[in-house]
Amino acid sequence: MLDGSDLYELAIDGASFAKACGGPCTEGCVTLARIGNNAWALGDSKRPGAEPLRFTTEELAVAGIDPTRFGLPV
């Protein structure tokens, strides 16, 4: 099972980020990409220079984030 330190060892070069806005937002500031089995990167399109944060699928679920809601496979 991945832990927080393992997640930051996964490469995200070439990851395909999708808009993951939860409402009628037209700016799409939150982005989400699958970066591995049970691993996700959460970014901010308004801060393209900031490194995306990394989470497991379980951590996203606890936060109420369902990647399938944004068209991403789990």
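Residues numbered from 1 in each chain as written. Predicted model: local features only at pLDDT ≥ 70, side-chain atom pairs only at ≥ 80, totals over all residues. Heavy atoms only, no water.

S.K.: What am I meant to see in the nonpolar core here?
M.R.: Generally speaking, a soluble globular protein has its nonpolar side chains buried in company with each other. Residues Ala-18, Ala-20, Leu-32, Trp-40, Leu-42, Leu-60, Phe-70 and Leu-72 constitute the largest nonpolar core, which totals eight residues. The contact partners of Leu-60, leaving out residues within four places of it in the chain, are Leu-32, Trp-40, Phe-55, Ile-65 and Pro-67. Listed in part, the five residues of the second largest apolar core include Leu-7, Ile-12, Ala-39 and Ala-41. (Core = buried A, V, L, I, M, F, W, Y, C linked by side-chain atoms within 4.5 Å. Buried < 20%, exposed > 50% of the residue type's maximum accessible area, 1.4 Å probe, protein only. Contact = heavy atoms within 4.5 Å.)

S.K.: Explanation requested: the confidence of the model for the protein chain in the structure shown.
M.R.: Predicted coordinates in areas of low pLDDT are best not read in detail. Averaged over all residues, the pLDDT of the protein chain is 86; the fraction at 70 or higher stands at 84%. Strand β4 (residues 53–56) holds the highest mean pLDDT among the elements of the protein chain, 95, whereas helix α1 (residues 4–7) holds the lowest, 75. (pLDDT = per-residue confidence, 0-100. Helix = DSSP H or I, 4+ residues; strand = E, 2+ residues; numbered from the N terminus.)

S.K.: Please clarify how the pairing of strand β2 (residues 30–36) should be interpreted in this entry.
M.R.: Two faces make up the sheet, and in a regular strand the side chains alternate between them. Relative to β2, strand β1 (residues 18–19) is paired through two bridges, and the arrangement is antiparallel. The residue of β2 that forms the bridge with Lys-19 is Thr-31. Here six bridges tie β2 to strand β3 (residues 39–44), and the two strands are oriented antiparallel to one another. When the sheet's bridge partners are listed, Thr-31 is paired in β3 with Gly-43. In sequence, β2 turns back onto β3 through a hairpin of two residues, with Asn-38 there showing a positive phi of about 65 degrees. (Pairing = 2+ DSSP bridges.)

S.K.: Sorry if this is basic, but what is going on with the pattern of salt bridges here?
M.R.: Opposite charge on two side chains lets them pair, provided their charged atoms get close. For the structure shown, the criterion picks out one salt bridge. The partner of Arg-54 in a salt bridge is Glu-51, with the nearest N and O atoms 3.4 Å apart. (Salt bridge = Lys/Arg side-chain N within 4 Å of Asp/Glu carboxyl O.)

S.K.: Honestly, the side chain of Asn-38 in this entry has me stumped. Any pointers?
M.R.: With respect to the secondary-structure elements, Asn-38 resides in the loop between β2 and β3. Looking at Asn-38, the relative accessible area reads 18%, which means it is buried. Here the side chain of Asn-38 touches Glu-58 through a polar contact of 3.1 Å, side chain to side chain. (Polar contact = N/O pair within 3.5 Å; in protein donor to acceptor, adjacent residues only side chain to side chain.)

S.K.: Would you take a moment to explain the environment of Ala-18 for this structure?
M.R.: By the element assignment, Ala-18 lies in strand β1. The spatial distance from the C-alpha of Ala-18 to the C-alpha of Leu-32 is 5.3 Å, given a sequence separation of 14 residues. Those residues in contact with Ala-18, other than ones at most four positions away along the chain, are Val-30, Thr-31, Leu-32, Phe-70 and Leu-72.

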